[in-house]
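# Fold and contact review
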Amino acid sequence: NYCSDNPGEKNCFLYAVCQHRSFCVMWGYLVMPGSPCAGTEEINGGNAGSYDFLFNVANGQCGDANCVSIVNPIRHRTQEQLHIHFRHYNDVGTVMKSHLEKAACSAKGWVKFHTG
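Description of the structure in this document.

Reading the values: the criteria
- Starting from 1, residues in each chain are numbered consecutively following that chain's sequence as written.
- Where totals are concerned, whole chains, interfaces and linings use all residues; where local detail is concerned, this predicted model gives features only for residues with pLDDT of at least 70, and gives and counts side-chain atom pairs only at 80 or more.
- The side-chain quantities take in all heavy atoms of the structure and omit both hydrogens and water.
- Remark: exposure states derive from per-residue accessible area (1.4 Å probe, protein chains only) relative to the maximum for the residue type, with buried under 20%, exposed over 50%, and partly exposed in between.
- Comment: elements are numbered from the N terminus, with helices defined as DSSP H or I runs of at least four residues and strands as E runs of at least two.
- Pairing between strands requires that DSSP locate at least two bridges from one strand to the other.
- By definition, the arc is the one covered by directions from the helix axis to the C-beta atoms.
- In what follows, residue pairs with any heavy atoms lying within 4.5 Å of each other are defined as contacts.
- Any two cysteine sulfur atoms lying within 2.5 Å of each other are counted as a disulfide.

Here we come to the pairing of strand β2 (residues 30–33). The alternating pattern of β2 places Leu-30 and Met-32 on one face and Val-31 and Pro-33 on the opposite face, and all of these are buried. Taken together, the four bridges between strand β1 (residues 23–26) and β2 define a ladder with antiparallel strand orientation. Looking across to β2, one finds that Met-26 is bridged to Leu-30. Between β1 and β2, which follow one another and run antiparallel, lie three residues, and Trp-27 among them has a positive phi close to 60°. In this structure, β2 lies alongside strand β4 (residues 84–88), joined through two bridges in antiparallel fashion. Opposite Leu-30, over in β4, you have His-85 as the bridge partner.

This is how it looks when you write it as structure tokens:
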């Protein structure tokens, strides 16, 4: 893992401050593991269960019906350590959630959904 080999790099800050702990909650809107994991690209069927607790922690911090948990994808993040943003969404998020529920909740399989 890049950050376990380079904890002093700017893009490994989150790993450096949280390493050797089970997890960290920072700034009231982020949760991350203390073990090295660059992002969702390192999660697979064999290890996915070991990351479930992070979403449970995020849900415990912001778990009502107006909260969202977000993970930035590879090449669209500033940190090379998995971190989950948990936030209350705004009015635009409320509308988007409604459209997404209408499109996906009664569908079978993958549903194309456009946000713009």
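A word on helix α3 (residues 52–61). Within α3, burial applies to Leu-54, Val-57 and Ala-58. When α3 is viewed along its axis, its buried side chains cluster within an angular range of 100° and face the same direction. Opposite the buried face of α3, at more than 90 degrees from it, the exposed residues are Asn-56 and Gly-60. Its buried side turned inward, α3 meets β1, β2, β3 (67–70) and β4.

The full count for this structure, using the stated rule, is three disulfides. The side chain of Cys-3 participates in a disulfide bridge whose partner is Cys-12; the two sulfur atoms lie 2.2 Å from each other. Linking Cys-3 and Cys-12, the disulfide has an S-S dihedral of approximately -85° and is accordingly described as left-handed. By sequence-ordered numbering of the bonded cysteines, the protein chain has its disulfides arranged as 1-2, 3-4, 5-6. No disulfide involves Cys-37; its sulfur sits 10 Å from the nearest other cysteine sulfur, which is in Cys-3. In this structure Cys-37 comes out as buried when scored by relative accessible area, which is 0%. As a non-bridged cysteine, Cys-105 has Cys-67 as the owner of its nearest cysteine sulfur, 18 Å distant.

What is shown is where atoms sit, not what they do.
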